[in-house]
Amino acid sequence: MNFDLTEERQMLQDTLRRFLRDRYDTETRNAILESEGGMSAEIWAELAELGIIGALFTEEQGGFGGKGFDLAVVFEELGRAGVVEPFLDTAVLAGGLIADLGNAAQQAHVEEIISGTLQLAFAHGEPNSRYDLNRVTTTAKVQDGGIILRGRKAVVVNAEAADMLVVSARESGDVADEAGISLFLVPATSGGLTVQGYALLAGGRAAEVTLDNVRLPEEARLGTAGEAFASIEARIAAANTALCAETLGAMETATRLTQEYLGTRKQFGRPIGSFQALAHRMADLLIELEQARSAVILAAGHLEDDTLACERHISAAKNLIGRVGRLVAEESIQMHGGIAMTQEYELAHIAKRIVMADHRFGDTDHHLERFIALAAA
Amino acid sequence: MDLSYTEEERAFRADVRMFLQDKLPNDLSDKVRNGQELGKEGHDRWHAILNAQGWLATNWPAEFGGAAWNAVQRHIFEEEAAAAYAPRIVPFGLSMLAPVLQKFGSKEQNDYWLPRILSGEDWWCQGYSEPGAGSDLASLKTAAVRDGDHYIVNGQKTWTTLGQHANMIFCLVRTDKSVKQQEGISFLLIDMDTPGIEVRPIVLLDGGAEVNEVWFTDVKVPAENLVGEENKGWTYAKYLLTHERTNIAGVGFSQAGLTAVKRIAKAEMAGGRPLIENPHFAARVAQVEIDLMAMSTTNLRIVSKAAAGQAPGVESSMLKVKGTIIRQEINDLARRAAGIYAMPFASEAVEGSNMALPNPHAAGPVAAQYFNNRKLSIFGGSNEIQRQIIAKTTLGGAA
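Residues numbered from 1 in each chain as written. Chains lettered and ligands numbered in written order. Predicted model: local features only at pLDDT ≥ 70, side-chain atom pairs only at ≥ 80, totals over all residues.

## Overview of the domain arrangement of chain B
Inference 1: In terms of domains, chain B is made up of domain 1 (7–89), domain 2 (122–232) and domain 3 (248–398).
Inference 2: Between the C-alpha centres of domain 1 of chain B and domain 2 of chain B there is a distance of 30 Å. (Domains from an automatic or database assignment.)

## Comments concerning the confidence of the model for chain B
A low pLDDT score tells you not to read the predicted coordinates there in detail.
Inference 1: Looking at chain B, pLDDT values average 91 and 93% of them are 70 or higher.
Inference 2: Below a pLDDT of 50 lies the segment residues 348–355 of chain B, which in the model reaches 13 contacts outside its immediate sequence neighbourhood of four places, other chains included. (pLDDT = per-residue confidence, 0-100. Contact = placed C-beta atoms within 7 Å.)

## Brief notes about the interface of chain A and chain B
Inference 1: With 34 residues of chain A at the contact, the number on the chain B side is 38 residues.
Inference 2: Counting residues per element, the ones that place at least two in the side of chain A that touches chain B are β3 (146–157), β6 (193–200), β7 (205–217), α9 (307–336), α10 (346–356) and α11 (364–376) of chain A.
Inference 3: Of the residues belonging to the side of chain A that touches chain B, the class tally is 16 nonpolar, nine polar and nine charged.
Inference 4: Two elements, β6 of chain A and strand β11 (residues 344–345) of chain B, share two bridges in a ladder whose sense is antiparallel. Within β11 of chain B, the residue paired with Ala199 of chain A across the bridge is Phe345 of chain B. (Helix = DSSP H or I, 4+ residues; strand = E, 2+ residues; numbered from the N terminus. Nonpolar A, V, L, I, M, F, W, Y, C, P; charged D, E, K, R; others polar. Pairing = 2+ DSSP bridges.)

## Description of the pairing of strand β2 (residues 139–143) of chain A
All names here are of chain A.
Inference 1: When β2 meets β3, the two strands line up antiparallel, connected through five bridges. From the neighbouring strand, Ala140 faces β3, where its bridge partner is Leu149.
Inference 2: Remark: two residues form the turn of the hairpin made by β2 and β3, two consecutive strands paired antiparallel; Asp144 in that turn has positive phi of roughly 50°.

## What about the environment of Gly82 of chain A?
All names here are of chain A.
Inference 1: With respect to the helices, strands and loops of the structure, Gly82 is situated in the loop between α4 (68–80) and α5 (87–101).
Inference 2: Given 27 C-beta atoms within a 10 Å radius, Gly82 is considered buried.
Inference 3: If we skip the residues at most four places from it in the chain, Gly82 touches Arg29, Ala250, Thr253, His349, Ile350 and Arg353. (Buried ≥ 20, exposed ≤ 12 C-beta atoms within 10 Å, placed from the backbone.)

## Re unusual backbone geometry
Residues and elements named next belong to chain A.
Inference 1: Backbone geometry at Arg130 places phi at a positive 50°, although glycine is not the residue there.
Inference 2: Within the fold, Arg130 resides in the loop between β1 (120–123) and β2.
Inference 3: Despite not being glycine, Asp144 has its phi angle at roughly 50°, a positive value.
Inference 4: Counting through the fold element by element, Asp144 comes out in the loop between β2 and β3.

Dropping the structure here:
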């Protein structure tokens, strides 16, 4: 066993950490959060140039990483700095699905993604699907040599900015069947596609996407008809690895800020960290942070395993990160006191990121139940 | 012991329910239900409706024009009001300043200020905390220096809730720097329109701007606005804080919150079934409900004892800790219940923007509320301070 990063990944981490430390402070992020699009095209382009997006794809796909530990390294740093740009959505989810399933013409988009010139969104969840990946009621019907999509997709992150959406739709089977689900590459300009956008509490934007008889050519399908589920599950596993690492990075920032504050904030004539009631709770957070780090390492290290082994570790990590995340966010705010309630203070955004990560790709409870079910499988 | 309500109490509940049905405006209850801000006009309207009914100053003695309800009546009203999504009653004048004036103020002060609180003419806010004086409130630095018939006030207050609507502020100010911190503090009433006062909003992490910084630069305050004696303000402040905590358990809010959690979890689907039927989620809800049942009774026990002439001491600290833990747990459940629809966000700062939120299961801005209510365990004396009070009282010198 060896818990050190490879030289390449160490360099990636150093480069990204340095860039974000210099270019992505709280003031910058708060300005981005308040901007209309909720993201910075400039930061996106610069990070693409640094090779950050390329690190999220394998060599065969045209990148130079794409493994669990590459995702973990990149997203831990993005989380540490509280980056709100949609790397998860454009690259890991939608981009990953195109790279995994696309034909040669479709795969040509991967180059545009890596160079930072293409924005994407993955439109999969629906108003009544909650965290179930198999529940797809949006339909795809083959008609007159084309495909007609009908349905509604819920909380599609980055949908407004996306040049294309990867949309899941059912071609056969019952609403909750794994078989019968297909993926389609839908240009944002398609007729019948409505995107109603809104801000997200933890930064970035999402939208309700309505597909009202969206007409596509047959070539818009990604992969084989009705057989997309395994790829969706695998990509959500990668996204969960990234999200867990991102949350770990955010928790590192939260605990660092809290430690600093406990050391400098004085009440009753002494630093508040000298009160045992707070000092012991800070110690608990640091213990749990190490647990979180191990959970991320386990998820990243097993991402390329067979499905069962991989998914067990993903659910374990998402459950543990969800629990620890709530503790770290709430305790960091509480130990700070009022200052942590202000938008202006760095912890505000970081705490929201940590807690709201529990609302993507399955929450603490969902993954506990899934862990149990996978153990029985 | 008798846990059943008397006939009079049941009749009272029926009256309250009828009143709420008839008089609570739908637009206000809709806003409360959806977690939207009421604005000054909304608060003023509800204040006037309660005043017309004589149900505004329920905690004031009859001699000051109060309804003088007992603990059970207040409990019943709180339950019914929360269930009907009635707005909270803004407490600064009614429940915080008024008891202090009634106990320590002059007759002239009571005759002048109390009717103005009832009529809504004055909107009060609280000038207690300062950037350097939070949990350690007695270290406050805002100074008032006597100059003939006036005090000249300089300094800064913070976390002033709804200060943007207020025309009056009651402040703790330092009038003597040469003595022990607690012995040099006075209680001063200040007109917010006085030159030298500046109110700056603080945007909170949920995007709302309900609290403010208030800056004082050479603010001239008439000496008759001093409450009680100079340098006795700490005693009055502590008296006010115990009053602030009489409703601190927030039983009504928790009951309404739990009802909302169940409503969301019935509409939200998980695995093709309503979330409320998921054993794991149902267990979480049940756990909080069990805690709330007991806490509601603890609250009644303690408040009834206080009404019978015994001041709630350490028990009010216990209620604050347990009450806020339960409320925050319910906020957490509401957030969980909403699933992916907890993610969207419309800033309260943008009027009417809530309507733009996708909300197929009528959850409302549950995640924003979850974050906003982290304040419950911080303000009014943090839960750490409350635990310290409990420990000190019960362990004495060992704590």
